[in-house]
Amino acid sequence: MVTMETLVSLCKRRGFVFQSSEIYGGTGSCWDYGPFGVELKNNIKRVWWRDFVQRRPDVVGIDASILMHPTVWKASGHLDLFTDPMVDCRECKLRFRADHVDALPWTHYCPATKGNKFTIPAGEPCGHCGARRTLCPNCGKGELTAPRQFNLMFKTFMGPVEEDAAVTYLRPETAQAMFVNFENVLQSMRLKLPFGIAQAGRSFRNEITPGNFIFRSREFEQMEIEYFVNPHDRVDGRPADEHWHDRWIEDCLAWFRRYGLRDEHLRLREHDRDELSHYAKRTVDIDYRFPIGWSELMGIANRTDFDLKQHAKWSGKSLSYFDEERKEHVVPYVVEPAAGVDRALLAFLADAYLEEEVRGEKRVVLRFHPDLAPVKVAVLPLLKKREDIVRTAHAIRDELSRQWRVVYDDTAAIGRLYRRQDEVGTSYCVTVDVQTVGDTDKGERADGKVTIRDRDSMEQIRVPVSQLMAVFGDLLGGAGWADVAAGVGRA
Ligand code: GAP
């Protein structure tokens, strides 16, 4: 599997992800998406929205404020319970998550080697003196404090006065806006249970030990659905919430597979009782085999009626549903598929990455699903000195870009241009050559055709310019390369 170093380096070199505020030395665990990164990220969110909101009759979307009423966080339990245990080094002052310290490599001044300094792999003893880590893993000198609870929410002030009454928080999850807007959405959309409210947007957590690139950062994006079900309903003989929980686990797993994550890199992980969040009856994570090892890609929780009841209690408003058949008010249960956009992007990148040897040279290619590829088509002129070739290439780019993200590039020879596009995962290249426009000096007539090259097979077909929109409509709409190539051949 590709290493994290390789991905980080590719992301920087090819404009996917940059360190935030890099020229000032960087901001701790915040990342900026570059020109290809933003396309990839937008595509992930667009496809998720299309598949889970647009195509489903039972899900609607919202886009809520990041700043919410501070009581939201009291009601949700975040103010009291959204904490991690942290320890501080008394010497170098670095802060660690108490439960992460043993997973770090540690610095050791070994008494058996006259105090020589070693960096020892996480969890292992010193090979010379046999000692295990007791001090700060970073400086190797300071004692660590006893664990203290640290709230992960970012605090800020609403309005011009920085006083206690004005304290508010950047949301640590998008979910609460769906609960707080439950009644608004229910009434305005006249919905019947079961139904879902979806949102994709930014969340903020003051993680004590962020890291591993975009896997754990302090500002990230989530795609969450709160799927409300009637707890008194039964489906196939089972309580509706349990039935829908399993359905959402299957649907989410299938979604990641459909867009390119390999089966052997995905697994389900059931949360143990003592690991469950304060609101959850059952939680199952979809884990992905990231370059750092198996870790959570998304979680699917059965949050019961906890949130609606809490917000009803703290707001004094009724948050229930009238069941017409049973003639009773019920507080719906909630199944919550909660995915991280940045983690999904990292996983799609890792599984798309392929190094292969082509005619004795290394080829790096990102084999993205066509719906996710940041750029669908690159239009490349074979000779940039021929004004008619360049003009035709620009015209093709202009035409295709009405529909898709298409780029023009003439800054290198064709072989290198292909490699550059492969490395950012561009699905197809279109090459405009002398035959396309003809050569009057040599008396050669234009054939009005261009070459389309498939990124994965590197096969090429020749297609009339007039058919490009239709051909790419097929190729990018899901038709196989072989079928389209056969069709063009017959034309
Ligand atoms: N509303 C439920 C909730 O927020 P979560 O497991 O804390 O649940 C859901 O977060 C997803 O959000 C995670 O599976 C992960 O993909 C993403 N996520 C959480 N914290 C993150 C962080 N610090 N950096 C990047 N992604 C994060």
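Here the structure is shown first, and the text comes after it.
No experiment lies behind these values; they were computed from the predicted model shown.

J.: Explain the sheet that holds strand S5 (residues 95-97) residue by residue, including any values.
T.: Strands in a sheet are paired, the pairing made by backbone hydrogen bonds, and the direction either parallel or antiparallel. Across the sheet, which stays open at both edges, the three strands sit in the order S5-S4-S8 with antiparallel pairing between neighbours. The open sheet has two edge strands with one neighbour each: S5 and strand S8 (148-151). Taken pair by pair, the neighbouring strands of this sheet meet at an average axis angle of 50 degrees, ignoring direction. Bridge analysis of strand S4 (residues 83-88) against S5 gives three bridges, and the strand direction is antiparallel. Note that in S5 the partner of Asp88 across the bridge is Arg95.

J.: Lay out the site of the ligand in plain terms, naming residues and giving numbers.
T.: Inspection of the region around the ligand gives 19 residues, with Glu173, Arg205, Glu207, Glu224 and Glu296 positioned closest. Within the side chain of Glu173, a nitrogen or oxygen atom sits 2.6 Å from a nitrogen atom of the ligand. At 3.1 Å from an oxygen atom of the ligand is found a main-chain nitrogen or oxygen belonging to Gly340. Bound to the protein, the ligand loses 91% of the 550 Å² it would expose on its own. Elements with a contribution of two residues or more to the shell around the ligand: strand S12 (219-229), strand S17 (293-304) and strand S20 (333-340). Here the shell around the ligand gets five residues from one element, more than from any other, and that element is S17.

J.: Explain the packing of aromatic side chains residue by residue, including any values.
T.: All chains considered together, the criterion is met by 21 aromatic pairs. With 6.3 Å between their ring centres and 85 degrees between their planes, Phe179 and Phe228 make a pair best called edge-to-face. One end of the pair, Phe179, is in helix H5 (residues 175-180); the other, Phe228, is in strand S12, with 49 residues separating them in the sequence. In this structure Phe179 comes out as buried when scored by relative accessible area, which is 0%. Relative to Phe256, the ring of Trp255 has its centre 5.1 Å away and its plane inclined at 80 degrees; by these criteria the two rings are edge-to-face. We classify Trp255 as buried; its relative accessible area is 2%.

J.: Break down the sheet that holds strand S15 (residues 266-270) for me, citing the residues and quoting the values.
T.: Taking strand neighbours across the sheet as the criterion, the seven strands line up as S3-S11-S12-S20-S17-S16-S15 in an open arrangement whose pairing is mixed. The strands lining the two open edges of the sheet, one partner per strand, are strand S3 (59-61) and S15. Strand-to-strand twist in this sheet, taken as the mean axis angle between neighbours without regard to direction, amounts to 25 degrees. Contacts from helix H9 (residues 341-352) reach S12, strand S16 (282-290), S17 and S20, with the element oriented near 40 degrees to S16.

J.: Before we move on, could you go through the packing of helix H2 (residues 35-54) against helix H7 (residues 240-258) and cite the residues and values that matter?
T.: At their nearest, the axes of H2 and H7 sit 12 Å apart, and the two run at 140 degrees to each other. Comparing the axis directions of H2 and H7 gives the class oblique. In this structure, the crossing between H2 and H7 has a hand that is right-handed. Seen from H2, the contacting residues are Ile44, Val47, Trp48, Asp51 and Phe52; seen from H7, they are Trp248, Asp251, Cys252, Trp255 and Arg258.

J.: Outline empty space enclosed by the protein, listing residues and values.
T.: All chains considered together, the criterion is met by one cavity of 30 Å³ or more. Put simply, the largest cavity is a space of about 60 Å³. Around the largest cavity, the lining residues are Trp48, Phe52, Met223, Ile225, Trp248, Cys252, Trp255, Phe256, Met298, Pro337 and Ala339. Mapped by element, the contributors of at least two residues to the lining of the largest cavity are H2, S12, H7 and S20. If one sorts the elements of the lining of the largest cavity by residue count, H7 sits on top with four residues.

J.: Could you give an account of the environment of Arg171, with specific residues and numbers?
T.: Along the chain, Arg171 falls in the loop between strand S10 (167-169) and H5. Taking C-alpha positions, Arg171 is 26 Å from Phe290, a pair spaced 119 residues apart along the chain. Excluding residues that lie within four positions of it along the chain, Arg171 makes contacts with Ala64, Ser65, Ile66, Trp73, Gln199, Gly201, Arg202, Ser203 and Phe204. Within the local environment of Arg171, its side chain forms a polar contact with the backbone oxygen of Ala64, the two atoms lying 3.4 Å apart. Side chain to side chain, Arg171 and Gln199 meet in a polar contact 3.4 Å long.

J.: For the pairing of strand S23 (residues 377-381), give the residues involved together with the corresponding values.
T.: Among the five residues that make up S23, five are buried, leaving the element largely enclosed by the rest of the structure. Inspection of the sheet shows S23 paired to strand S25 (residues 428-432) by five bridges, in the parallel sense. When the bridges of S25 are listed, Ala378 appears paired with Cys429.

J.: Account for helix H13 (residues 468-476), with residues named and values stated.
T.: Burial in H13 covers these residues: Leu468, Val471, Phe472, Leu475 and Leu476. For H13, the angular spread of buried residues about the axis comes to 115 degrees, placing them on one side. Downstream of H13 by one or two residues, Gly478 has phi in the positive range, about 115 degrees.

J.: Give me the lowdown on the packing of helix H1 (residues 4-13) against H9, citing residues and values where you can.
T.: The interhelical angle for the contact between H1 and H9, taken along N-to-C directions, is 105 degrees, at an axis separation of 11 Å. Classified by the angle between their axes, H1 and H9 sit roughly perpendicular to one another. Residue-level inspection shows Met4, Leu7 and Cys11 of H1 in contact with H9, the latter providing Leu346, Leu349 and Ala350. Broken down by class, the residue content of the contact of H1 with H9 amounts to six nonpolar, no polar and no charged.

Reading guide: rules and limits
Residues numbered from 1 in each chain as written. Predicted model: local features only at pLDDT ≥ 70, side-chain atom pairs only at ≥ 80, totals over all residues. Heavy atoms only, no water. Pairing = 2+ DSSP bridges. Helix = DSSP H or I, 4+ residues; strand = E, 2+ residues; numbered from the N terminus. Axes fitted to C-alpha atoms, helices over the stretch in contact; angles between N-to-C directions. Near = heavy atom within 4 Å. Polar contact = N/O pair within 3.5 Å; in protein donor to acceptor, adjacent residues only side chain to side chain. Areas by Shrake-Rupley, 256 points an atom, 1.4 Å probe, with all protein chains shown as cover. Phe/Tyr/Trp six-rings, centres within 6.5 Å; stacked < 30°, edge-to-face > 60°. Buried < 20%, exposed > 50% of the residue type's maximum accessible area, 1.4 Å probe, protein only. Contact = heavy atoms within 4.5 Å. Parallel < 35°, antiparallel > 145°, perpendicular 65-115°, else oblique. Left-handed = near helix turned anticlockwise from the far one by under 90°. 1 Å grid on protein atoms, 1.4 Å probe; cavity = no way out; pocket = protein on both sides within 12 Å on 5 of 7 lines; lining within 4 Å. Points joined across faces, edges and corners; volume = space filled by probe spheres on them. Arc of directions from axis to C-beta. Nonpolar A, V, L, I, M, F, W, Y, C, P; charged D, E, K, R; others polar.

Any functional reading would require information beyond the geometric quantities listed.
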